[in-house]
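The chain contents come next:
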Amino acid sequence: MSNIPQIEREVDKIAEMIKDSQYLVVFTGAGISTESGLSDFRGKDGIWTRKEKGLPPKHGKHFDDVKPNKAHYAIKELQDMKLMKYLISQNVDNLHIESGIDSSLISELHGNYKLMKCMDCDTRFTRVELKWDRDIHGRGFRTEPQQANHPVCLECGGRIISAVVNFNDPMPEKEMKMSKKHAAKCDLMLVIGSSLSVQPASNFPRKAKKNGAKLIIINIDATPQDDLADIRVAHKAGKILPYIIEKLKKIL
Ligand code: APR
Ligand code: ZN
């Protein structure tokens, strides 16, 4: 039995797979942001996990109070090393953008809490641009009635709503189209911090694998697609990803 620690063997294998890939697509979920202080949904202390036990969400930080963590910056490095071709994220916390991911290289499938969007022309705005004050205008969810004092689209005068995609909201067209395009081209998909339990997002890794891509899953808890993975590790993303970047810099 080799005496190399298991994590080193896993890091070596993952780094080799990334080095050998021609078209790496990264897919992230709430688990990549827990080391920034945000709760995930279905992890051991997740929002839904606790709700099922009749517990309130763990006292976590608010989106406005958190910063990207080492895992986000490791993905930024994959971008800067031109190894990552595209990033599909389910997160609305804006931490990938804040870590320096180019907005042309990411689809935020469930939207972004910092943005509002026009229901007619789909243009995105920050709340500052719109002068949208949540204390006066509310959260602006699609399911809440439009108010007479709501700011309207600066482009076409259409109704403005939150850019967060809530359950039962339609998926954002552009983000889905771009994700489908890049997932179909990828030869390696790297899943980080997702329980892969919400469709249609969770279809992307499965489809990529079916399309002949290799699949890596970095996730603490088991996922329904672990049996499809070429390698699956249960380390914290903020711990293993910097190791993988360090290894890549040695072997490239
Ligand atoms: N490193 C690696 N994995 C982690 C870490 C970490 N530091 N922290 C948590 N995880 C894992 C958990 O084990 C869990 O399986 O991340 C996974 C997060 O899964 P979910 O909480 O289900 O989050 P996600 O997959 O993004 O949920 C998808 O569900 O509620 C909706 O719209 C919401 O976008 C969300 C969607
Ligand atoms: Zn508009």
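Structural notes, computed from the coordinates. Every chain is numbered independently, its residues counted from 1 as its sequence is written. Each chain is given a letter, starting from A, and each ligand a number, starting from 1, according to the order in which they appear as written. Local features are withheld for residues below a pLDDT of 70 in this predicted model, meaning they are given only at 70 or higher, and side-chain atom pairs are given and counted only at 80 or more; totals for whole chains, interfaces and linings count all residues. Computation of side-chain values covers all heavy atoms of the structure but excludes hydrogens and water.

Now for the sheet that holds strand E5 (residues 124-126). With antiparallel pairing, three strands are arranged side by side in an open sheet as E5-E4-E6. Edge strands, defined here as strands with exactly one partner in the open sheet, are E5 and strand E6 (160-162). When the angles between neighbouring strand axes are averaged without regard to direction, this sheet yields 40 degrees. Two strands make a pair as long as DSSP finds a minimum of two bridges between them. A helix here means a DSSP run of H or I that spans at least four residues, while a strand means a run of E at least two residues long, and both kinds are numbered starting from the N terminus. Judged from the three bridges that link them, strand E4 (residues 115-118) and E5 form a sheet pairing that is antiparallel. In the sheet register, Met116 faces E5, and the bridge partner there is Phe125. Note on geometry: axes are C-alpha line fits, over the in-contact stretch for helices, and angles between N-to-C directions span 0 to 180 degrees.

Another aspect to go through is the coordination of the zinc ion (ligand 2). Ideal geometry at a metal centre gives angles of 109.5 degrees when four donors are arranged tetrahedrally and 90 or 180 degrees when six donors are arranged octahedrally. Note on the zinc ion (ligand 2): its protein donors are Cys118 (SG), Cys121 (SG), Cys153 (SG) and Cys156 (SG). The metal-donor distances range over 2.2 to 2.3 Å. Ligating atoms shown are N, O and S within 2.8 Å of the metal, or 3.2 Å for Na, K and Ca, and water is not included, meaning a site may look less than complete. All geometry calls rest on donor angles, where a four-donor set with angles between 85 and 135 degrees is tetrahedral, four- and six-donor sets with opposite donors more than 155 degrees apart and all others between 65 and 115 are square planar and octahedral, and all else is irregular. Considering all four donor atoms around the zinc ion (ligand 2), the spread of angles at the metal, 102 to 121 degrees, places the coordination shape in the tetrahedral class. Positions of the donor residues of the zinc ion (ligand 2), expressed as sequence spacing, correspond to C-x2-C-x31-C-x2-C. Relative accessibility thresholds used throughout: buried, under 20% of the residue-type maximum; exposed, over 50%; partly exposed, between the two (1.4 Å probe, protein chains only). Of the residues examined, Cys121 reaches a relative accessible area of 33% and is grouped as partly exposed.

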